[in-house]
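Observations on the model geometry
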2 protein chains.
Amino acid sequence: MASQKPSIPKGTRDFSPVEMSRRNFIFETTRRVFKKYGFLPIETPAMENLSTLLGKYGEEGDKLLFRILNSGDFLRGIGNSEVEHASPAALASKITSRGLRYDLTVPFARYVVQHRNEINFPFRRYQIQPVWRADNPQKGRYREFYQCDADMIGSDALVNEFELVKIIDEVFSELGLKVTVRINNRKILAGISEVIGEKEKIVDITVAIDKLEKIGIGKVKEELLSKGISQASLDKLDPVFVMHGDNEQKLDQLESYLASSQTGMQGIAEIRKMLEYLQTDPVSAGVALDITLARGLNYYTGAIIEVKSDEVQIGSICGGGRYDDLTGIFGMPGISGVGISFGADRIYDVLLQLERFPASAEEHTQLLFVNFGEEAVKYILPMLGKLRSAGVRAELYPDQARMKKQMTFANQSGIPFVALVGENEISAQQVTLKNMETGDQQLLGFDTLLTILRSQLS
Amino acid sequence: MASQKPSIPKGTRDFSPVEMSRRNFIFETTRRVFKKYGFLPIETPAMENLSTLLGKYGEEGDKLLFRILNSGDFLRGIGNSEVEHASPAALASKITSRGLRYDLTVPFARYVVQHRNEINFPFRRYQIQPVWRADNPQKGRYREFYQCDADMIGSDALVNEFELVKIIDEVFSELGLKVTVRINNRKILAGISEVIGEKEKIVDITVAIDKLEKIGIGKVKEELLSKGISQASLDKLDPVFVMHGDNEQKLDQLESYLASSQTGMQGIAEIRKMLEYLQTDPVSAGVALDITLARGLNYYTGAIIEVKSDEVQIGSICGGGRYDDLTGIFGMPGISGVGISFGADRIYDVLLQLERFPASAEEHTQLLFVNFGEEAVKYILPMLGKLRSAGVRAELYPDQARMKKQMTFANQSGIPFVALVGENEISAQQVTLKNMETGDQQLLGFDTLLTILRSQLS
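Computed from a predicted model, the values in this text were never measured in an experiment.

**Topic: the pattern of salt bridges**
- Under the defined criterion, the tally for this structure stands at 54 salt bridges over all chains.
- Among the charged side chains, a network of salt bridges with common partners joins Arg182, Glu213, Asp290, Arg295 and Glu306 of chain A.

**Let's talk about the packing of helix H12 (residues 247-257) of chain B against helix H13 (residues 262-280) of chain B**
All names here are of chain B.
- Contact geometry of H12 with H13 gives a least axis separation of 10 Å together with a crossing angle of 160°. Judged by the angle between their axes, H12 and H13 are roughly antiparallel. Between H12 and H13 lies a crossing of left-handed hand. Contacts between H12 and H13 involve Asn247, Glu248, Leu251, Asp252, Leu254 and Glu255 from the former and Met265, Ile268, Ile271, Arg272 and Leu275 from the latter.
- The class makeup of the residues in the contact of H12 with H13 is six nonpolar, one polar and four charged.

**With respect to the environment of tyrosine 37 of chain A**
- When you line up the elements, tyrosine 37 of chain A lands in the loop between helix H1 (17-36) and strand E1 (40-41).
- Classification of tyrosine 37 of chain A by relative accessible area gives buried; the value is 1%.
- When the C-alpha positions of tyrosine 37 of chain A and serine 261 of chain A are compared, they lie 35 Å apart, and in sequence the two are 224 residues distant.
- Beyond its immediate sequence surroundings of up to four residues, tyrosine 37 of chain A is in contact with Arg124, Glu163, Lys166, Ile167 and Glu170 of chain A together with Arg388, Ala394 and Glu395 of chain B.

**Side note on the sheet that holds strand E8 (residues 286-289) of chain A**
Residues and elements named next belong to chain A.
- Pairing is mixed across the open sheet formed by eight strands, whose spatial order is E1-E5-E6-E11-E10-E9-E7-E8. Edge positions in the sheet fall to E1 and E8, since each of these pairs with one other strand and no more.
- Direction of pairing for strand E7 (residues 179-185) relative to strand E9 (residues 303-309): antiparallel, over a ladder of seven bridges. Bridge assignment links valine 179 to a residue of E9, and that residue is serine 309.
- Contacts from helix H13 (residues 262-280) reach E7 and E8 within the one sheet, and its direction differs from that of E7 by about 145°.
- Lying on the sheet, helix H14 (residues 344-353) is in contact with strand E6 (144-153), E9 and strand E11 (337-343); it crosses E11 at an angle near 45°.

**Observations regarding the relation of the copies chain A and chain B**
- The two copies are related by a screw operation: chain A maps onto chain B through 180° of rotation and 0.0 Å of translation along the axis, at an RMSD of 0.1 Å. On the angle and the small slide along the axis, the relation comes out as a two-fold axis. Minimal C-alpha distance to the rotation axis in chain A is attained by isoleucine 68 of chain A, lying at 2.3 Å.
- Residue by residue, 100% of the interface of chain A is reproduced at the interface of chain B, so both copies engage with the same surface.

**As for the interface of chain A and chain B**
- Taken together, the contact pairs 108 residues of chain A with 108 residues of chain B.
- At the boundary of chain A with chain B, total buried surface from both sides reaches about 9100 Å², with 57% on carbon and sulfur atoms.
- In terms of surface lost to chain B, no three residues of chain A exceed Lys36, Glu43 and Arg388 of chain A, which account for 7% of the buried area on that side.
- Linking chain A with chain B are ten salt bridges.
- Viewed at the interface, chain B and chain A are joined by 36 residue pairs in polar contact (both at pLDDT 80 or more).
- The dominant element in the side of chain A that touches chain B, judged by the number of residues it contributes, is helix H15 (residues 374-389) of chain A, at nine residues.
- Looking at side-chain class alone, the side of chain A that touches chain B contains 51 nonpolar, 30 polar and 27 charged residues.

**Remarks on unusual backbone geometry**
Residue and element names in this part refer to chain A.
- Cis geometry is found at the peptide bond from phenylalanine 121 to proline 122, where omega equals -5°.
- With respect to the helices, strands and loops of the structure, proline 122 is situated in the loop between helix H6 (105-114) and strand E5 (123-132).
- Phi is positive for glutamate 355, which is not a glycine, with a value near 50°.
- Secondary-structure assignment places glutamate 355 in the loop between H14 and strand E12 (367-369).

**As for the pairing of strand E11 (residues 337-343) of chain B**
Residue and element names in this part refer to chain B.
- Of all seven residues making up E11, six are buried, and the element is well covered by its neighbours.
- Of the pairings in the sheet, the one linking strand E6 (residues 144-153) to E11 comprises seven bridges and is antiparallel in character. Along E11, the bridge assignment pairs aspartate 149 with serine 341.

**Some remarks on the domain arrangement of chain A**
All names here are of chain A.
- Once the domains are mapped, chain A shows domain 1 (10-177 + 311-361), domain 2 (187-286) and domain 3 (364-457).
- Here domain 1 and domain 2 have C-alpha centroids that lie 29 Å from each other.
- Across the contact, eight residues belong to domain 1 and ten residues belong to domain 2.
- Counting the surface lost from both domain 1 and domain 2, the interface buries some 850 Å², and carbon and sulfur atoms represent 72% of this.
- Summed over the three residues of domain 1 that lose the most area to domain 2, namely Leu158, Phe162 and Asp169, the buried surface amounts to 59% of that side.
- At the boundary of domain 1 and domain 2, one finds one salt bridge.
- There are four residue pairs in polar contact (both at pLDDT 80 or more) connecting domain 1 and domain 2.
- Taken together, the residues of the side of domain 1 that touches domain 2 sort by class into four nonpolar, one polar and three charged.

About the criteria used
Residues numbered from 1 in each chain as written. Chains lettered and ligands numbered in written order. Predicted model: local features only at pLDDT ≥ 70, side-chain atom pairs only at ≥ 80, totals over all residues. Heavy atoms only, no water. Salt bridge = Lys/Arg side-chain N within 4 Å of Asp/Glu carboxyl O. Axes fitted to C-alpha atoms, helices over the stretch in contact; angles between N-to-C directions. Helix = DSSP H or I, 4+ residues; strand = E, 2+ residues; numbered from the N terminus. Parallel < 35°, antiparallel > 145°, perpendicular 65-115°, else oblique. Left-handed = near helix turned anticlockwise from the far one by under 90°. Contact = heavy atoms within 4.5 Å. Nonpolar A, V, L, I, M, F, W, Y, C, P; charged D, E, K, R; others polar. Buried < 20%, exposed > 50% of the residue type's maximum accessible area, 1.4 Å probe, protein only. Pairing = 2+ DSSP bridges. Least-squares fit on C-alpha atoms with pLDDT ≥ 70 in both. Buried area = accessible area lost by both parts, 1.4 Å probe. Polar contact = N/O pair within 3.5 Å; in protein donor to acceptor, adjacent residues only side chain to side chain. Domains from an automatic or database assignment.

Here is the structure:
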């Protein structure tokens, strides 16, 4: 067979050992915190039936699904003229019945309904798996990427929202990143729409307000006018743009502004309750009410949460909120849930840029035995076994290569210690240990070797 | 939208928290051992270009690839008549250019060639990821399953084969399973074909011999005759069927039988060398020479390794071998590698059948606070935070539900301790701790609570 120049599909990535160790640092940290908060792991298949996925992510989302060609004679039962005249979309629906997971939320909703009789509600689940989107790849946007989700389903208590903020705070503290958690509530947004007399335009209003920081008040108003919102309504919106101060002060201003909206007042009460809980057990992250935060509005029904780095200019690195009826679409209505999702790829970029990955995240081999030939190998093997049993990550250079080549290997692999075993060492039943950083060498017995390695490597 | 009865594609599985914990026990054990032996993790994308995958798994394998429909207008540039007259296979090749990973070995070969300039050879890599095959699902065979592979590439030293046997031994010891490692060498099989004068028929001969245990000598000979092997050659094969004794005895018999074949003698020498290494640092698993072991013959060029459970009748639970030119197909010839793959799903079945999963594999919440209402919640939250900081997996029942419902939740979730905080506890600044197994209750201060939990849960 002709040799091929190897490559991988656009928008996908290989992960090298160094990248893997760093990614695992993020995943392990997140997983450890999820577990401490009582969340339990599940996994769902990479492929779901298209009936599960279609219609859940909007028209644009449907287009971004990766579809799997049916196996075998996928054209069977489809007439020639049907094939000929079908649009790509229509033909695709005939020759594909499965697609790759697009996020972890819809598969979770499907899981909850399918396994409702085995699940012990309220159910705290976490899930860390890749998802796939046929998006146009660009810097920081991939066609395969991981999501790290934690959701609590089957309880509408606000203490859940508090716990998610605690989790966010603990994960980012352990990752060594300073963040601000921005919070809002869909009911506040609904209240604003009510108060200005444009209840039905809630989507247009929040989409526009969400852009305030980026485009300024003038442009926001222009957009709202173009959406058919009256000048009178717009005038009533003005106080929203000038609310300021700390969370308490903003809430006070909101309270008088939204006084006539029951929904709006409910939203304020929910935010107040979260802040009350946070007073009993404070977090180190900043928590800021941001009434322009909209994020996936049609999905969330209560709390809306978004996390940004205080140190690096980058989009949201974690987000979530409450959804009151996610499982309804699969035949199980009235189950409230609230969840968050950590964006591992962006967190990776932030940690890399700030050089915050701890050295311990890299899991190098700790000791390399240089290979001076068969006699030495047989002397080394039992020692190697004992070192590994003692938990030392150790290896033997497998070939009797030139000394220089073996030392270069150790250097380039970042291995901190090298053991040399030649004729002298064998006859003395000892080992020469070389510290690759300092260059120091010591002739040692096995027990001393183990003691030194343990103290140096712990 | 109409409600849907949720389901997942045939041959795929959801994993519940209990199943996840057990699977993680297998993955974590394997990963820990791989690391100790100096193997480093990589990951490759779920989808590979079809040009990478096609032709690597035989005709049958090509058919079992899951293909991904090209995005957007996938029919663009394909004439109607082309669509009409194309066979499904021909059309598939026009409308798909990517497929799901079928194993971890070919993507690894592709990775090595693509990243040759960044890799520090000899390269020990491990990879634990799912693979997908459009096989007919049946008991124990799935369309999505995990492989756990460790390969050493860039060294042809036999000490690598020894190390793989050590890894196998250590993984199964830590999993608590008794196994036998069967070993063979492709060169011995080649030698046998040479000695009986049917060098070109090596594939037919080994495929037939591989069935010896299952179908017996008579049927094996019938099959060989039907493949055009002469009666004279068959007669020369007889000694192979009657070789017996321990490894040394079998090797002695093989040595005189294969004396005329240089390749065969080389195979014997390689097996002897592995056994010699094993004498310097013995394993607890059985290691048995089995000259009928063929396993993926066209792939392996030296050692062939297969592991079976001593306790449960099930197929191979781990296997591997040496391949001398895996990367040649991607333009990098002459790189020898050797590797093994653990079958996580079968290992899971064996552990389940033998009830060997340790209780510690399940990661329940350790303490549940019963929720008696808002006042108690605010008293509990700071304690909950301290317990979690101390590493206790703790949670608060989020809703003020009936006591019985909350206790049932704790029971069904397997939570060992429940904390009760009512008016009395709050005014005394204490907590009532209930041991769910014994039913014992104690009124305690926070420090004592923490001490007791730590001692009980460690």
